[in-house]
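The residues making up each chain are set out below.
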Amino acid sequence: GEFWRLIDAQGRAPGVIGIWPARAVTFLDNHDTGSTQAHWPFPGKQAGQGYAYILTHPGTPCVFWDHYFDWGDNLRKQIDSLLDVRDKMKIHARSVLKIEHAKDNLYAAKIDDKVAVKLGREHWEPKGDGWKVEAFGDDWCVWTLTK
């Protein structure tokens, strides 16, 4: 829950990603927070959701070495599928983000009107024809518009 934290009072993403996305560098963990330090690690069960968020949203995302190489094939495949979507759909630091829902158990947004992402347990899918599931994991899904 707590996906309501992913929207500010103006309907933008919180922090730099909402104010100046071209300058936002996004990451889940780094050598100071996660890894062997384990000071403030990103919750492991939600790493796929975290990457679904940062790899589909504006900004410059960074994939943590440990997540990609040490956390197993499942997470690596999820990251690869999200990187493929980002590349294929040309998501970039200045992509346009439209947040459709941000509440306890659901976050849904569209990026450049051609990528849709859903995080959380509640059901949601983009409306209209032409949307195709491109990547998914536990409590997250990403679609691309194919028309």
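None of the values given here were measured: they were computed from a predicted structure.

## A closer look at the nonpolar core
One finds Tyr51, Tyr53, Leu82, Tyr107, Val117, Leu119 and Val142 to be the most contacted residues of the largest nonpolar core, which totals 30 residues. If you list the elements that add at least two residues to this core, you get α2 (47-56), α4 (73-88), β4 (106-111), β5 (115-119) and β7 (140-145). If one sorts the elements of this core by residue count, α2 sits on top with six residues. The contacts of Val117, once residues within four sequence positions are left out, are Ala52, Thr56, His57, Tyr107, Ala108, Ala109, Ile111, Trp124, Cys141, Val142 and Trp143. Within the second largest apolar cluster, seven residues are counted, among which are Leu106, Ala108, Ala116 and Cys141.

## Description of the packing of aromatic side chains
Applying the stated criterion across every chain, the model contains four aromatic pairs. Judged by centre distance (4.9 Å) and plane angle (80 degrees), the ring pair of Tyr68 and Phe69 falls under edge-to-face. Assessed through its relative accessible area of 43%, Phe69 is described here as partly exposed. Aromatic ring contacts, followed pair by pair, group Trp65, Tyr68 and Phe69 into a single cluster. The cationic tip of Arg76 hangs over the ring face of Tyr68; the distance from NZ or CZ to the ring centre is 5.9 Å.

## Brief notes about a nonpolar patch on the surface
Residues Val16, Ile19 and Trp20 make up a contiguous nonpolar surface patch of roughly 350 Å² in combined accessible area. Inspection of the secondary structure puts Val16 in helix α1 (residues 16-19). On the basis of relative accessibility, which here comes to 48%, the residue Val16 falls in the partly exposed class.

## A short note on unusual backbone geometry
The backbone of Glu2 shows a phi angle near 65 degrees, a positive value even though the residue is not glycine. Here Glu2 shows up in the segment before α1. According to the relative accessible area criterion, Glu2 is partly exposed, its value standing at 42%. We note that Lys90 has phi near 55 degrees; this positive angle belongs to a residue other than glycine. Mapped onto the fold, Lys90 is located in the loop between α4 and β3 (97-103). Exposure remark for Lys90: the relative accessible area of 59% places this residue in the exposed category.

Reading the values: rules and limits
- Residues numbered from 1 in each chain as written.
- Predicted model: local features only at pLDDT ≥ 70, side-chain atom pairs only at ≥ 80, totals over all residues.
- Heavy atoms only, no water.
- Core = buried A, V, L, I, M, F, W, Y, C linked by side-chain atoms within 4.5 Å.
- Buried < 20%, exposed > 50% of the residue type's maximum accessible area, 1.4 Å probe, protein only.
- Helix = DSSP H or I, 4+ residues; strand = E, 2+ residues; numbered from the N terminus.
- Contact = heavy atoms within 4.5 Å.
- Phe/Tyr/Trp six-rings, centres within 6.5 Å; stacked < 30°, edge-to-face > 60°.
- Lys NZ or Arg CZ within 6 Å of the ring centre and 35° of its normal.
- Patch = residues over 30% accessible without salt bridge, like charges linked within 9 Å, V, L, I, M, F, W, Y side chains within 5 Å.
- Areas by Shrake-Rupley, 256 points an atom, 1.4 Å probe, with all protein chains shown as cover.
- Salt bridge = Lys/Arg side-chain N within 4 Å of Asp/Glu carboxyl O.

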